[in-house]
Amino acid sequence: MKTRNTAIVTVISLFFAGIGLGAESERLEQHPWMGVLLDPAPLPDLLVKHLALSPGQGVRISNVHRDSPADKAGLERDDIIIGFQGNDVTDRDTFVDEVRKAGAGTEVSLAIIHLGQRQTVTLTLEPFTGTVDLKYPPDPEIVESWRPGKVFRFTPG
């Protein structure tokens, strides 16, 4: 009897896990994807000042996925996204939410700064396939070491 109950609980658990996995794959297929990695840190104040941006405006692209909508549109590492669909981009999370709301298959316009020049780029959001192929090697991380009385910063290389 105990074995039978364990088997029934296991089958029910696997059934619901399968439903959850199916829902996850459906959600990924519907997830709109631009193909960029965004820097979570806000732009430095000096850069905002020199580019004549509003305080807090702009998000830096830290990497681009090969053959993604962003790559096809010509976006590159260190480009700054300053506008999405005619509205200012003020932080990464809000920008990601707006892209998700737009949905896969939607043509969107981005105001960017590329090599110091303001441009408007249009691209069509695609459904996320789950494969990742970065165009550039990842940014090296800054390592900090602490000793009483001293802080050492090791830069990459």
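Each remark here, short or long, concerns the structure printed above.
Residues numbered from 1 in each chain as written. Predicted model: local features only at pLDDT ≥ 70, side-chain atom pairs only at ≥ 80, totals over all residues. Heavy atoms only, no water.

Let's shift gears to the overall build of the protein. A count of helical and extended segments in the protein gives four helices and ten strands. Reading the protein from its N terminus to its C terminus gives the helix and strand order α-β-β-α-β-α-β-β-α-β-β-β-β-β. Of all 157 residues assigned to the protein, the portion counted as buried reaches 27%. Long-range pairs, those at least 24 residues apart, make up 59% of the contacts in the protein with a sequence separation of at least 6. Carbon and sulfur atoms make up 57% of the accessible area of the protein, which amounts to about 10,700 Å² in all. (Helix = DSSP H or I, 4+ residues; strand = E, 2+ residues; numbered from the N terminus. Buried < 20%, exposed > 50% of the residue type's maximum accessible area, 1.4 Å probe, protein only. Contact = heavy atoms within 4.5 Å. Areas by Shrake-Rupley, 256 points an atom, 1.4 Å probe, with all protein chains shown as cover.)

Right, let's get into the pattern of salt bridges. Under the counting rule described, the total for this entry stands at seven salt bridges. Taking the shortest distance from any N to any O, the salt bridge between Arg60 and Asp39 comes out at 3.2 Å. On the criterion of sequence distance, the pair formed by Arg60 in strand S3 (residues 59-64) and Asp39 in the loop between strand S2 (36-38) and helix H2 (45-50) is long-range, its members being 21 residues apart. For Arg60, a relative accessible area of 18% gives the class buried. With a shortest N-O distance of 2.8 Å, Asp71 and Lys135 are connected by a salt bridge. With Asp71 in helix H3 (residues 69-73) and Lys135 in the loop between strand S8 (126-127) and strand S9 (143-147), this residue pair connects regions lying 64 residues apart in the sequence. (Salt bridge = Lys/Arg side-chain N within 4 Å of Asp/Glu carboxyl O.)

Right, let's get into the packing of aromatic side chains. Geometrically, a pair of aromatic rings is defined through the distance of the ring centres and the angle of the planes. All told, the structure shown has two aromatic pairs when counted by the stated rule. Considering the side-chain rings of Phe84 and Phe95, the 5.4 Å spacing of their centres and the 90 degrees angle between planes classify their relative orientation as edge-to-face. One end of the pair, Phe84, is in strand S4 (residues 80-84); the other, Phe95, is in helix H4 (residues 92-102), with eleven residues separating them in the sequence. As far as burial versus exposure is concerned, Phe84 and Phe95 are alike and both buried. (Phe/Tyr/Trp six-rings, centres within 6.5 Å; stacked < 30°, edge-to-face > 60°.)

Let's shift gears to the layout of surface pockets. Empty space within the largest pocket amounts to approximately 350 Å³. Looking at the largest pocket, it is lined by 17 residues, and the ones nearest its centre are His31, Pro32, Trp33, Val36 and Val96. Among the secondary structure elements, those contributing two or more residues to the lining of the largest pocket are strand S1 (32-33), S2 and H4. Examining the composition of the lining of the largest pocket, we find that six residues originate from one element, H4, more than from any other. The residue makeup of the lining of the largest pocket, split by class, is eleven nonpolar, three polar and three charged. (1 Å grid on protein atoms, 1.4 Å probe; cavity = no way out; pocket = protein on both sides within 12 Å on 5 of 7 lines; lining within 4 Å. Points joined across faces, edges and corners; volume = space filled by probe spheres on them. Nonpolar A, V, L, I, M, F, W, Y, C, P; charged D, E, K, R; others polar.)

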